[in-house]
Amino acid sequence: AAGVAVSVAFAGCGLVGPARVSTVGEVDFDTPLPIPPLAPSTIDADGTRVFSLEAQAGTTEFAPGVESETWGFDGAYLGPTLVADRGERVRVDVANGLDVATIVHWHGMHLPAEMDGGPHQMIDPGGAWSPEWTIDQPAATLWYHPHPHGETEQHVARGLAGMFLVRDDAEAALPLPREYGVDDLPVIVQDAAFTDEGRIESSAQGFAGRLGDELLVNGARGPYAEVHDELVRLRLLNASTARSYAFTWEDGRQSELIATDGGLLEASVALDRVVLSPGERAEVLVRVAPGERLTLQSVMTPDAAGLQPTIAAMNGGTDEFDVLELRAAAELDPAPDVPDRLADLPPVGTEDVVETRTFTLDGFQIDGRQMQLDRIDHSTTVGTTERWRVENASAMPHSFHVHDVQFRIASIDGAAPPPELAGWKDTIFVRPETEYELILRFEDYADPDTPYMYHCHLLWHEDQGMMGQFAVVEPGQRATMTEETDHDH
Ligand code: C2O
Ligand code: CU
């Protein structure tokens, strides 16, 4: 059945997507990079840091004088950046000002399932929801976006997304750029399609999902950022619905990758290209020279995508974009060397594994079935470590995201992961016909009634049901809503 689904997708939608896209050399870089504002917060009587966010409908001018209908948090497009410290108790008062139900998921956050903002916590139009939890994970670039079952692609594409930065003492002690919007830039990358007048429109539906032929960075087309420091930190977030990127600098200089989804790597890794599938983040450092202009591009080759060329073309996989221009001031503040050692990561934990599960991605299904809200597919025991074998049995790339935990990759097709994939991850790019071995530790928050999700983060695939549910339970317990065909073994 899964095979049929794939060929229908290939024949039905594959060729509708753009075959090849290039904006290289065509982008003027005449708009200053918008920096999402820092979300204000207050500290309530018991010390909780309280934020508020409202999902709103509005209009955005992507081209001068042309209004597009968009959605945003506390504004018309995207949302403010939340910042909190490890150890802090936080609450977010979320209001839904849309005329449809939505919800906010805290992507990458370790928190109780009821606070996770999955499809079980929907907020009605005009309604509100106030999740509250204690931040208990290393400094990292996390993000937030809606998760309504079957409609996530549309909600994110309309503009509902923002960053959530976790800070901690260990990261703060390192000589790294961290002045938000100055030498530490949020870079939220999305592809979009526009009419000739410049109105945003629903993009072509390839079998990957919605693909645009232009990029928005923090909601702007072709932006530039003025920088005054030798060393600049970019927090790259692929908030696109379907497209993956391979970020490179136009002149071939390398990026120093310092952090992945869940926080710092043990040591920085010099890379020619940084590949991010939807949902993934990377923190990179780049060194600039006085007065220069430097362009960040994405050059996604079939090789970077792990694809056969024909499939890459059908997927929009062979494509290149101008992303962002850095304009260095004539005089730059000097920066210290990047420290050799960034963080001490615990061992991957393969010896601690008490349970192994397999997840097969094929068609728009995981393990030959589609997500059902009233079925919990797996029960994992609190305080234990598991191995999840994720295998892509199809010829098309997918991704795999797990809520609640930051995991480590133990192997890819049996080999150790490259250094850029050896740190904390919550979302991975899953190449065709490739097997990934993930090691996950389920700490805290047992709740047999409320599941977390795992899914493909190509949002159209997620919306098609390429998703499943797991609940963290006490030893000997099983999740409610578990059916006899429970895949535990
Ligand atoms: Cu970023 Cu379940 O999602
Ligand atoms: Cu997928």
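Residues numbered from 1 in each chain as written. Chains lettered and ligands numbered in written order. Predicted model: local features only at pLDDT ≥ 70, side-chain atom pairs only at ≥ 80, totals over all residues.

Per an unreviewed UniProt entry, the recorded name for the chain is FtsP/CotA-like multicopper oxidase with cupredoxin domain, and the organism is Agromyces flavus. The chain has a UniProt comment under Sequence similarities (unreviewed entry) that states "Belongs to the multicopper oxidase family." (UniProt positions renumbered as here; feature names shortened; annotations may be inferred.)

This part is about the sheet that holds strand β28 (residues 365-366). Pairing is mixed in the open sheet, where 5 strands are placed in the order β28-β27-β30-β34-β32. Strands at the two margins of the open sheet, each flanked by one partner only, are β28 and β32 (408-412). Examined bridge by bridge, β32 and strand β34 (residues 435-442) share 4 bridges and lie antiparallel to one another. Note on β34: the bridge partner recorded for arginine 408 is isoleucine 439. (Pairing = 2+ DSSP bridges. Helix = DSSP H or I, 4+ residues; strand = E, 2+ residues; numbered from the N terminus.)

Take the domain arrangement of the chain next. How big an interface is tends to be expressed through the accessible area that disappears when the partners come together. Domain annotation of the chain identifies domain 1 (33-172), domain 2 (184-333) and domain 3 (350-473). Between the C-alpha centres of domain 1 and domain 2 the distance comes to 22 Å. Contacts between the two partners involve 27 residues from domain 1 and, on the opposite side, 30 residues from domain 2. Those elements that provide at least two residues to the side of domain 1 that touches domain 2 are β4 (49-63), β5 (66-73), β11 (140-145) and α2 (152-157). Broken down by class, the residue content of the side of domain 1 that touches domain 2 amounts to 17 nonpolar, 8 polar and 2 charged. (Domains from an automatic or database assignment. Contact = placed C-beta atoms within 7 Å. Nonpolar A, V, L, I, M, F, W, Y, C, P; charged D, E, K, R; others polar.)

On the basis of which strands lie adjacent, the open sheet formed by 5 strands has the order β29-β36-β35-β31-β33 and mixed pairing. Edge positions in the sheet fall to β29 (378-381) and β33 (427-430), since each of these pairs with one other strand and no more. Recorded for the sheet is a direction-independent mean angle of 25 degrees between the axes of neighbouring strands. (Axes fitted to C-alpha atoms, helices over the stretch in contact; angles between N-to-C directions.)

A word on the pairing of β11. Two faces, one strand: in a regular strand the side chains alternate between the faces of the sheet. Counting buried positions along β11 yields 6 of 6 residues, so the element is predominantly enclosed. Alternating residues of β11 divide into Ala140, Leu142 and Tyr144 and Thr141, Trp143 and His145, and every residue in both groups is buried. Sheet topology note: the strand β8 (residues 105-107)/β11 ladder contains 3 bridges and is antiparallel. Residue histidine 107 lies in a different strand from β11, and its bridge partner there is tryptophan 143. (Buried ≥ 20, exposed ≤ 12 C-beta atoms within 10 Å, placed from the backbone.)

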